[in-house]
Amino acid sequence: MAKFKGEIVINTERCKGCYVCMTACPQGVIRVSSQVNSKGYTYVEIGNDQCIGCANCAVVCPDGVITVYKAKVE
Ligand code: SF4
Ligand code: SF4
């Protein structure tokens, strides 16, 4: 089976801090930041490099905050 490595980009200014993405991630990649954005929401950030590009986080995010990039690992 092909292995995939992923990377996510989080648009922190648009994050509303609902944290459903954290629950959805099987790799524990997403964590709560210690910072707030300009709207006062405590946004999420990338906590490790274990992303597999499954896109669960992007699918569950109600505001389309997360973009997933996926690459095949040979
Ligand atoms: S793409 Fe999958 S593994 Fe990567 S951060 Fe999102 S839910 Fe986690
Ligand atoms: S699901 Fe979207 S809005 Fe909610 S915490 Fe994650 S990135 Fe932010």
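A few points on the structure. In this text the structure is predicted, and so the values were computed from the model without any measurement.

Quick word on the overall build of the chain
Within the chain, the secondary structure is distributed over 2 helices and 4 strands. In the chain, the order of α-helices and β-strands from amino to carboxyl end is β-α-β-β-α-β. Relative to the compact-globule value of 11 Å for 74 residues, the chain shows a C-alpha radius of gyration of 12 Å, a close match. When its C-alpha atoms are laid out on the principal axes, the chain stretches across 45 × 20 × 15 Å. Here the chain holds 74 residues, and 27% of them are scored as buried. Pairs at least 24 residues apart make up 60% of the contacts formed inside the chain by residues separated by at least 6 positions.

Concerning the site of ligand 2
Every residue near ligand 2 is listed here: Cys15, Lys16, Gly17, Cys18, Tyr19, Val20, Cys21, Val44, Cys61, Pro62, Val65 and Ile66. Here the shell around ligand 2 is built from residues that sort into 10 nonpolar, 1 polar and 1 charged.

Some remarks on the nonpolar core
Ile8, Ile30 and Ile66 are the most contacted members of the largest nonpolar core, which totals 14 residues. Mapped onto this core, the elements with two or more residues apiece are β1 (3-10) and β3 (42-46).

Structural notes on unusual backbone geometry
In this structure, Tyr19 takes a positive phi of about 70 degrees despite not being glycine. Of note in this structure, Ala55 is not a glycine but carries a positive phi near 75 degrees. A relative accessible area of 24% means that Ala55 is categorised as partly exposed.

As for the site of ligand 1
Not every one of the 13 residues close to ligand 1 is listed here, only the nearest: Cys25, Cys51, Cys54, Ala55 and Cys57. Residues that form the shell around ligand 1 fall into these classes: 10 nonpolar, 3 polar and no charged.

Observations regarding the pattern of salt bridges
As enumerated under the stated definition, the model contains 2 salt bridges in all. A salt bridge links Asp63 to Lys16; the shortest N-O distance between them is 3.1 Å. Linking Asp63 in the loop between α2 (56-60) and β4 (66-73) with Lys16 in the loop between β1 and α1 (20-24), this pair joins segments that are 47 residues apart in sequence. According to the relative accessible area criterion, Asp63 is partly exposed, its value standing at 22%. Its relative accessible area of 44% is what places Lys16 among the partly exposed residues. The salt bridge involving Arg31 is made with Glu45; its shortest N-O contact spans 2.8 Å. Taken as a pair, Arg31 in strand β2 (residues 30-36) and Glu45 in strand β3 lie far apart in primary sequence, 14 residues in all.

What counts as what
- Residues numbered from 1 in each chain as written.
- Chains lettered and ligands numbered in written order.
- Predicted model: local features only at pLDDT ≥ 70, side-chain atom pairs only at ≥ 80, totals over all residues.
- Heavy atoms only, no water.
- Helix = DSSP H or I, 4+ residues; strand = E, 2+ residues; numbered from the N terminus.
- Rg over C-alpha atoms; globule rule 2.2 N^0.38 Å.
- Buried < 20%, exposed > 50% of the residue type's maximum accessible area, 1.4 Å probe, protein only.
- Contact = heavy atoms within 4.5 Å.
- Near = heavy atom within 4 Å.
- Nonpolar A, V, L, I, M, F, W, Y, C, P; charged D, E, K, R; others polar.
- Core = buried A, V, L, I, M, F, W, Y, C linked by side-chain atoms within 4.5 Å.
- Salt bridge = Lys/Arg side-chain N within 4 Å of Asp/Glu carboxyl O.

Function cannot be read off these values alone, since they describe shape.
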